[in-house]
Amino acid sequence: MTETARHDAGARLRRTPLHALHGELEAKFCPFAGYDMPISYPLGVLKEHLHLRRAAGLFDVSHMGQIALRARSGNVADAARALERVTPIDVLDLADNRQRYGFLTNHDGGILDDLMVARLGDRLILVVNAANKAADEAHLRASIADLCEIEPLDQALIAVQGPGAEIALARLAPDVAGMRFMDFREVEIVGARCSVSRSGYTGEDGFEISAPSKIAQELAQALLADDAVQPIGLGARDSLRLEAGLCLHGADIDAGTTPVEASLLWAIPPVRRLGGAREGGFPGDQKILDQIASGAPRRRVGLRPEGRVPVRAGAKLFAAEDDDEAAGAVTSGGFGPSVNAPVAMGYLPKNLARVGQRVFAEVRGQRMPAVVSPLPFVPARFKRG
Amino acid sequence: MAQGDGDVATVGITAYAADQLGDIVFVEAPKVGAALRKGQAAAMLESVKAASDVYAPVDGEVTEVNHAVIAEPALLNSDPQGAGWLYQIRLADASALDGMMDEAAYAEITK
């Protein structure tokens, strides 16, 4: 690429409020979902990953979409009922100051996007994937604008994760120490009103902080002033979430995978299933409820390749070493620094989607054995108590 | 990268390449005795994020592979131009290294 072409490509990319700070921290950048994002810092993906699980790390996830929903009636329960039109999760019973994982489905039962939804006073606040945020907003406007005002929030989003996250954030906002996993609160940090959730995408304890863009850099620098906290790029974010068994939309889940196939049934509570008080009533309900009753033809599973060769997304999976026809495929895979071995996730037909089942992954023309394994690959360390 | 001594050259990656690839976690080296053609994918380096081919810089026959780097891929990052070498190759044409870029010229283009 010529210097001019590189400049033009860079100019089209959006920047988060922390872009200049990433530059000062000597990040390597890469385009992600239309943003110029830090893929790694001088520590490198492997050491960033290990540091976060041992101490703490800070991510800039300001590229993600944040959307506030307010009921036109003024009653937050009406916003919850409206959102239940487009998701199979339970929003109505979500308590104030609590957050929950969910997804938007399409008429085939596929997953348009996965998201977090929190209830905060008279609002619901959604955090959605960067690559889908425009489509999600359009989908919400088309589906629930009769009942809700839909307001995209122009806020920075900073995640601080790892066993040292509580100490690092509590130094700036002591109240957060009292939060448990999936609590969601408004908190004053560096003089600004922020919303904080105790959640993340690493399998570790930690927080996600939505802050006004103008204080984002001050907040990030205040967190990084703690020696335990290192900046972590999107490279380690991906290896951390993979070890934690968490799905990446566009890889492990998409418009062609249902929540049942994706092993996300836990997010659909009995109240939305057959016989529940608010049974169905979401796009694709018939297919999803059928699959809940009679099983899905394939399932997302964890895979531990035997040996040291990483098995990456797209690798075909075979039931037997000499089978001609692939039984499934890997959707995410790589080397798990904390597991110190390759780890992967992928889809297998239900007869093979059993822990302990040996299958074969094709890597550079060779068939490598891999064993279906429980997820997550590393134990979750959320603060549930 | 190739360093020559007589008709045998040692092949590895530069410090610049090692930095660009990030921490290497798995190395697939060619087999001793393999006949390589210049430009052919001869070794595979896997980082946490991606797999990268290392192309043969010259025609020749693999005479030795570095088992230390297979056992400890981190050598590629800590000492790429020393202990982290990949394999040795007997040059099909002893003058094959003559036209290659030297270290000063390489440093210039990777600045």
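Reading the values: rules and limits
- Residues numbered from 1 in each chain as written.
- Chains lettered and ligands numbered in written order.
- Predicted model: local features only at pLDDT ≥ 70, side-chain atom pairs only at ≥ 80, totals over all residues.
- Heavy atoms only, no water.
- Pairing = 2+ DSSP bridges.
- Helix = DSSP H or I, 4+ residues; strand = E, 2+ residues; numbered from the N terminus.
- Axes fitted to C-alpha atoms, helices over the stretch in contact; angles between N-to-C directions.
- Contact = heavy atoms within 4.5 Å.
- Phe/Tyr/Trp six-rings, centres within 6.5 Å; stacked < 30°, edge-to-face > 60°.
- Buried < 20%, exposed > 50% of the residue type's maximum accessible area, 1.4 Å probe, protein only.
- UniProt positions renumbered as here; feature names shortened; annotations may be inferred.
- Core = buried A, V, L, I, M, F, W, Y, C linked by side-chain atoms within 4.5 Å.
- Domains from an automatic or database assignment.
- Buried area = accessible area lost by both parts, 1.4 Å probe.
- Salt bridge = Lys/Arg side-chain N within 4 Å of Asp/Glu carboxyl O.
- Polar contact = N/O pair within 3.5 Å; in protein donor to acceptor, adjacent residues only side chain to side chain.
- Nonpolar A, V, L, I, M, F, W, Y, C, P; charged D, E, K, R; others polar.

Regarding the sheet that holds strand E19 (residues 366-373) of chain A
Residue and element names in this part refer to chain A.
Part 1 of the reasoning: As summarised here, the arrangement of the six strands in space is E14-E17-E16-E15-E18-E19, forming a closed barrel in which the pairing is antiparallel. Neighbour-to-neighbour, the strand axes of the sheet open up by a mean angle of 45°, direction not taken into account.
Part 2 of the reasoning: Contacts from helix H8 (residues 234-243) reach strand E16 (328-336) and strand E17 (341-349) within the one sheet, and its direction differs from that of E16 by about 115°.

Quick word on the packing of aromatic side chains
Part 1 of the reasoning: Scanning the entire structure with this criterion turns up four aromatic pairs over all chains.
Part 2 of the reasoning: For the ring pair Tyr 101 of chain A and Phe 103 of chain A, a centre distance of 6.0 Å and an interplane angle of 75° mean the geometry is edge-to-face. In this structure, Tyr 101 of chain A and Phe 103 of chain A share a single accessibility class: buried.
Part 3 of the reasoning: Residues Tyr 16 of chain B and Tyr 106 of chain B carry aromatic rings whose centres are separated by 6.4 Å and whose planes lie at 80° to one another, so their mutual orientation is edge-to-face. Taken together, the residues span a long stretch of sequence, with Tyr 16 of chain B in helix H1 (residues 15-21) and Tyr 106 of chain B in helix H4 (residues 103-109) at a distance of 90 residues.
Part 4 of the reasoning: A residue is classified by how much of its surface remains accessible, and Tyr 16 of chain B, at 37% relative accessible area, is partly exposed.
Part 5 of the reasoning: A residue is classified by how much of its surface remains accessible, and Tyr 106 of chain B, at 25% relative accessible area, is partly exposed.

Some details on the UniProt feature "domain: Aminomethyltransferase C-terminal" (unreviewed entry) in chain A
Part 1 of the reasoning: Following the UniProt record, one finds the feature "domain: Aminomethyltransferase C-terminal" (unreviewed entry) at residues 298-378 of chain A.
Part 2 of the reasoning: The annotated region residues 298-378 of chain A carries 0% helix and 53% strand content, and the separation between its end C-alpha atoms amounts to 24 Å.

Some remarks on the UniProt feature "domain: GCVT N-terminal" (unreviewed entry) in chain A
Part 1 of the reasoning: UniProt annotation of "domain: GCVT N-terminal" (unreviewed entry) refers to residues 18-268 of chain A when read in the numbering used here.
Part 2 of the reasoning: Counted over residues 18-268 of chain A, helix gives 25% and strand 32%. Its end C-alpha atoms are 36 Å apart.

Considering the nonpolar core
All names here are of chain A.
Part 1 of the reasoning: If you look at the biggest cluster of nonpolar residues, it comprises 74 residues, and the most contacted ones within it are Leu 69, Leu 83, Val 117, Leu 124, Leu 140 and Leu 303.
Part 2 of the reasoning: The element that contributes the greatest number of residues to this core is helix H4 (residues 76-83), accounting for six residues.
Part 3 of the reasoning: When residues are assigned to domains, this core turns out to be shared by domain 1 (3-60 + 155-243) and domain 2 (297-377), each giving three or more.
Part 4 of the reasoning: Among residues more than four places away in sequence, those in contact with Leu 140 are Ile 67, Leu 69, Leu 83, Val 86, Leu 126, Ala 145 and Ile 150.

What about the interface of chain B and chain A?
Interface size is commonly expressed as the accessible surface area that is lost when the partners come together.
Part 1 of the reasoning: Tallying the contact residues gives 13 residues for chain B and 18 residues for chain A.
Part 2 of the reasoning: When residues of chain B are sorted by the area they lose upon contact with chain A, Asp 23, Val 48 and Lys 49 of chain B head the list and together hold 47% of the total.
Part 3 of the reasoning: For the pair chain B and chain A, the interface holds five salt bridges.
Part 4 of the reasoning: For Arg 364 of chain A, the salt bridge is made with Glu 46 of chain B, and the minimal N-O distance between the two is 3.0 Å.
Part 5 of the reasoning: Between chain B and chain A we count nine residue pairs in polar contact (both at pLDDT 80 or more) in total.
Part 6 of the reasoning: Elements supplying a minimum of two residues to the side of chain B that touches chain A: H1, strand E3 (24-28) and strand E5 (41-47) of chain B.
Part 7 of the reasoning: Here the residues of the side of chain B that touches chain A sort into six nonpolar, two polar and five charged.

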